[in-house]
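For reference, the chains in residue letters:
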Amino acid sequence: MEISSEDVNRHFMNIAFGTKRNTIDRWTLDVPLQISVSDLYLPDDSITLQNFAKEFNKLSQSTKLSENIKYQTKGRLNFKLIPESSLKLIDLDDIQEISLDPDDDTIIYLISYRTTDNEIFTYFNKDLTGYERSHYMIRAMLFMLGFAGYTVDHPDSVFYVYSEINSKLSIFDKEAIKLMYGKNIKPGMTQDQVRRVLMMK
């Protein structure tokens, strides 16, 4: 499949900024980011996250993810798998992203702001299953890595707004990660600054 840099750049702008973010928010730590799962996780959850970490590390020229998932302890990127009844008790003042089921408004996950200790937490509904569980786990991971937006243009993308099952990165998703974690995109850049770097019209 041939893809144009123009299409890749447009996809990047859509998923890096979306409607919620005005500047680039990406990690710059020199040490691999530790992924942690805790509470009511399943064995498949760590496999999903480990496979994502391996794929991300092939794409990133800068920040890397640890491929050794930690359990019941804190890392940089944290998943706490809990019942929806517990999700409803979390103070939303500490939350930057809320994902709800489009059909019945069930809480899928809540994502915290990054702490002063450079930790971020996804509080994830333990009752999700199958492809839906994998999809939203990858979406939450990508949000924590700086991708706050979505696409309506690429149905095979993890970021496709009408999908609840895509869990494999599309070719456009992979190219967008290469851009975000390459050498030219810096934290704090505005949309205009990114457009200039990407030489977009």
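This text goes with the structure placed above it.
Residues numbered from 1 in each chain as written. Predicted model: local features only at pLDDT ≥ 70, side-chain atom pairs only at ≥ 80, totals over all residues. Heavy atoms only, no water.

Undergrad: Can you lay out the pattern of salt bridges for me, pointing to particular residues and giving the numbers?
TA: Scanning the entire structure with this criterion turns up 11 salt bridges. Among the salt bridges present, the one from Asp45 reaches Arg133, with a minimum N-O distance of 2.8 Å. Here Arg133 lies in helix H4 (residues 130-144) and Asp45 lies in helix H2 (residues 43-59), a separation of 88 residues in the sequence. In this structure Asp45 comes out as buried when scored by relative accessible area, which is 2%. Among the charged side chains, a salt-bridge network with shared partners connects Glu6, Asp7 and Arg10. (Salt bridge = Lys/Arg side-chain N within 4 Å of Asp/Glu carboxyl O. Helix = DSSP H or I, 4+ residues; strand = E, 2+ residues; numbered from the N terminus. Buried < 20%, exposed > 50% of the residue type's maximum accessible area, 1.4 Å probe, protein only.)

Undergrad: Mind laying out the packing of aromatic side chains, listing which residues take part and the relevant values?
TA: Inspection of every chain in the model, using the stated rule, returns 9 aromatic pairs. Ring plane angle 75° and centroid distance 5.1 Å describe the contact between Phe56 and Tyr181, whose orientation is recorded as edge-to-face. A residue pair is termed long-range when its members are at least 10 positions apart, and Phe56 in helix H2 and Tyr181 in the loop between helix H5 (171-180) and helix H6 (191-197) qualify at 125 residues. Residue classification places Phe56 among the buried residues on the basis of a relative accessible area of 0%. Their ring planes at 55° and their centres at 5.8 Å tell us that Phe147 and Phe159 sit as a pair that is tilted. Of this pair, Phe147 sits in the loop between H4 and H5 while Phe159 sits in the loop between H4 and H5, and the two are 12 residues apart along the sequence. A relative accessible area of 1% means that Phe147 is categorised as buried. Assessed through its relative accessible area of 1%, Phe159 is described here as buried. One aromatic cluster is present, built from ring pairs that chain together Phe79, Tyr109, Phe124 and Tyr136. One Lys or Arg, Arg21, reaches over the ring of Phe143 and ends 5.1 Å from the middle of that ring. Above the plane of the ring of Trp27 lies Arg114, whose end atom (NZ or CZ) is 3.8 Å from the centre. (Phe/Tyr/Trp six-rings, centres within 6.5 Å; stacked < 30°, edge-to-face > 60°. Lys NZ or Arg CZ within 6 Å of the ring centre and 35° of its normal.)

Undergrad: So what's going on with H4? Residues and values would help.
TA: Relative to the 21 Å expected for 15 residues at 1.5 Å per residue, H4 spans 22 Å between its end C-alpha atoms, a close match to the ideal helical length. When we look at burial in H4, the residues that qualify are Arg133, Ser134, His135, Tyr136, Met137, Ile138, Arg139, Ala140, Met141, Leu142, Phe143 and Met144. Positive phi appears at Gly146, one or two residues downstream of H4, with a value of about 115°. (Expected span 1.5 Å × (residues − 1).)

Undergrad: Summarise the nonpolar core; cite the residues concerned and give the values.
TA: Counting residues in hydrophobic clusters, the biggest one holds 48 residues, and the most contacted among them are Phe12, Leu77, Phe79, Leu145 and Phe147. Elements that contribute at least two residues to this core include exactly helix H1 (5-17), strand S1 (35-39), H2, strand S3 (77-82), strand S5 (107-112), strand S6 (120-125), H4 and H5. It is H4 that provides the largest number of residues to this core, a total of 8 residues. Sequence-distant contacts of Phe147, that is, excluding residues within four places in its chain, are made with Phe12, Ile15, Ala16, Arg21, Leu142, Phe159, Ala176, Ile177, Met180 and Tyr181. With 7 residues, the next largest nonpolar core counts Ile95, Ile107, Phe121 and Tyr123 among its residues. (Core = buried A, V, L, I, M, F, W, Y, C linked by side-chain atoms within 4.5 Å. Contact = heavy atoms within 4.5 Å.)

Undergrad: An account of the sheet that holds S6 is requested, with residue identities and associated values reported.
TA: Read across the open sheet, the 6 strands follow the order S2-S1-S3-S6-S5-S4; overall the sheet is mixed. Every interior strand has two partners, whereas the edge strands, strand S2 (70-71) and strand S4 (95-100), have only one. Relative to S2, S1 runs parallel, the two sharing 2 bridges. Across the sheet, residue Ser36 finds its bridge partner in S2, namely Lys70. Where H2 meets the sheet, it contacts S1, S2 and S3, and its direction lies at approximately 170° from that of S1. Lying over the sheet, H4 contacts S1, S3, S4, S5 and S6, oriented at roughly 145° with respect to S3. (Pairing = 2+ DSSP bridges. Axes fitted to C-alpha atoms, helices over the stretch in contact; angles between N-to-C directions.)

Undergrad: Run through the side chain of Ser38, naming residues and quoting values.
TA: Mapped onto the fold, Ser38 is located in strand S1. In this structure, Ser38 is in contact with Gln72, Phe79, Lys80 and Leu81, ignoring residues within four places of it in sequence.

Undergrad: Give a description of H2 that names residues and reports values.
TA: Here H2 contains 17 residues, and its C-alpha end-to-end distance of 25 Å stays within 8% of the 24 Å for a straight helix at 1.5 Å per residue. Within H2, the full set of buried residues consists of Asp45, Ser46, Thr48, Leu49, Phe52, Ala53, Phe56, Asn57 and Leu59. The buried side chains of H2 occupy one side of the element, clustering within an arc of 160° when seen end-on. Within H2, the exposed residues directed more than 90 degrees away from the buried face are Pro43, Asp44 and Lys58. Where H2 is buried, its residues contact S1, S2, S3, H4 and H5. (Arc of directions from axis to C-beta.)

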